[in-house]
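Observations on the model geometry
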Amino acid sequence: AEARPLQFPIPANVYAETVLSVKHYTDRLFSFRITRPQSLRFRSGEFVMIGLPNAEKPVYRAYSVASPAWDEELEFFSIKVPDGPLTSELQKIQVGDTVIMRQKSTGTLVVDALTPAKRLFMISTGTGIAPFASLLRDPDTYEKFDQLILTHTCRHNAELIYGQELVAALESDPLIGELTTGRVTLYNSTTREESARMGRITALIGSGKFYSDLGIEKLNPETDRVMICGSMHMLKDVKELAESLGFQEGSLSHPSSFVVERAFVG
Ligand code: A2P
């Protein structure tokens, strides 16, 4: 596709990157990859601020980088909001278009905010899976934890495809495939469409079905760590669940047993 002309100059101190691919999953979800600025450093699991050069003062939104820190491209997984200030336009991007990005990355869903443990549980809903797509492709994650359990809950089946493809591709990845073999479990469910497994993750954990389905020991702060990413309500409920099981929130300055981050929503 031919690049569409920019309507406005690129603001000072932002990266201007080129769209390399776009994949639409549903009328609500798409992923895209862009070139990576040479000087960008980030930790797997962090987010950056993304915008379009389509206004004098562009609108920026937080996007978790879905690709790992070693990747020479940047991947993002986005919702489409019909009248969202950014996503209503971002969903139209095509190969060759320009996406702008602020130069700083940040975020709490990083392995350095957790102490080492046997199992890492990554609990996500919707586009909250994005930072885990980064972490699951980073060798550092496998260095710190033996077993990685990714949960992904969405309203509809088609919204689970991104995560299914992500996990299915891990073992054949030339760089990290061998490291991941037999160590990653995907546990997904839908809440508003019939599927093999239905229900919110909080309900599935609460009822014990989560443990019996996987044949695993209950969540235990002695052996486990938890990362949480999803909507505001989901974060609150899963955080309360983790705290009720004895988990404590960690940070880079005080690593502990769980961390939380709100997924991009508009
Ligand atoms: P539900 O359909 O029962 O609301 P959304 O698209 O609204 O961000 O939701 C993504 C998924 O997160 C949906 O399956 C939704 O279930 C689920 N969800 C929403 N709120 C919570 C919550 N408080 N705890 C656990 N899961 C939630």
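First things first, this report covers the structure right here in the doc. The model shown is predicted, which means the values in this text are computed figures rather than measured ones. (Residues numbered from 1 in each chain as written. Predicted model: local features only at pLDDT ≥ 70, side-chain atom pairs only at ≥ 80, totals over all residues. Heavy atoms only, no water.)

**Here we look at the packing of aromatic side chains**
Convention followed: Any Phe, Tyr or Trp ring, taking Trp's six-membered ring, that has another such ring centre within 6.5 Å forms a pair; planes under 30 degrees apart are called stacked, those over 60 apart edge-to-face, and the others tilted. Helix and strand definitions here come from DSSP, where helices need a minimum of 4 consecutive H or I residues and strands a minimum of 2 consecutive E residues; each element is numbered from the N-terminal end.
The tally for this structure, following the rule as stated, stands at 10 aromatic pairs. A centroid spacing of 6.4 Å and a plane angle of 70° characterise the contact between F32 and Y63, whose relative ring orientation is edge-to-face. With F32 in strand β2 (residues 29–35) and Y63 in strand β4 (residues 61–64), this pair connects stretches of sequence that are 31 residues apart. A ring pair is formed by Y187 and F210, whose centres lie 4.9 Å apart and whose planes are at 80°; its orientation type is edge-to-face.

**Let's talk about unusual backbone geometry**
Rules: Each residue gets one of three labels from its accessible area relative to the maximum for its type: buried under 20%, exposed over 50%, partly exposed in between, using a 1.4 Å probe on protein chains only.
Here the phi dihedral of N13 falls at roughly 60°; this positive angle occurs in a residue that is not glycine. Assessed through its relative accessible area of 65%, N13 is described here as exposed.

**Description of the sheet that holds β4**
For the record, the criterion: By definition, two strands form a pair when at least two bridges between them are found by DSSP. Under this scheme, a helix contributes an axis fitted over its contacting stretch, all axes are lines through C-alpha atoms, and angles between N-to-C directions fall in the 0 to 180 degree range.
Strand order in the open sheet formed by 6 strands is β4-β3-β6-β1-β2-β5, and the pairing between neighbours is antiparallel. The open sheet terminates on both sides in strands that have one partner only, identified here as β4 and β5 (73–79). On average, each strand axis in the sheet is inclined to that of its neighbour by 45°, with strand direction left out of account. In this sheet, strand β6 (residues 98–102) lies alongside strand β1 (residues 14–24) in antiparallel orientation, the contact comprising 5 bridges. Note that in β6 the partner of V14 across the bridge is R102.

**What to know about the pairing of strand β10 (residues 224–230)**
The following threshold applies: Call a crossover right-handed when, viewed with both strands pointing away from you, the route from the first strand across the helix to the second goes clockwise.
Burial of β10 is extensive: 7 of the 7 residues sit out of reach of the surface. In β10, alternate side chains face the same way, and those of D224, V226, I228 and G230 on one face and R225, M227 and C229 on the other are all buried. Both strand β7 (residues 117–125) and β10 contribute to a ladder of 6 bridges, which runs parallel. In the strand pairing of β10, S124 is matched with C229. When β10 meets strand β11 (residues 258–262), the two strands line up parallel, connected through 5 bridges. Within the sheet, the bridge partner assigned to I228 lies in β11 and is V260. Of the crossover connections in this fold, the one passing from β10 over helix α8 (residues 232–244) to the parallel β11 is right-handed.

**Examining the site of the ligand**
Stated formally: Each residue is tested against the molecule or strand, and it is near if at least one of its non-hydrogen atoms lies within 4 Å. Here a polar contact is taken to be a pair of N or O atoms separated by no more than 3.5 Å, where protein atoms must pair a possible hydrogen donor with a possible acceptor and residues adjacent in sequence count only if both atoms sit in side chains. Here the accessible surface of atoms and residues is derived via Shrake-Rupley with a 1.4 Å probe, and residues count as covered only by protein chains that are part of the display. Space inside and on the surface of the protein is sampled on a 1 Å grid over the protein atoms alone, with a cavity defined as a set of points where a 1.4 Å probe fits but cannot get out and a pocket as an open set with protein on both sides within 12 Å along at least 5 of 7 lines; lining residues have an atom within 4 Å of a point. Should more than half of a molecule's atoms lie within 2 Å of a pocket's or cavity's grid points, that molecule is taken to sit in it.
As a matter of local geometry, the ligand sits amid R28, T125, T153, C154, R155, T191, R192, R200, T202, H233, M234 and D237. At 3.4 Å from an oxygen atom of the ligand is found a main-chain nitrogen or oxygen belonging to C154. Contacts to the ligand include M234, whose backbone N or O atom sits 3.4 Å from a nitrogen atom. Out of a free accessible area of 550 Å², the ligand has 84% covered by protein chains. A majority-of-atoms criterion places the ligand in the largest pocket.

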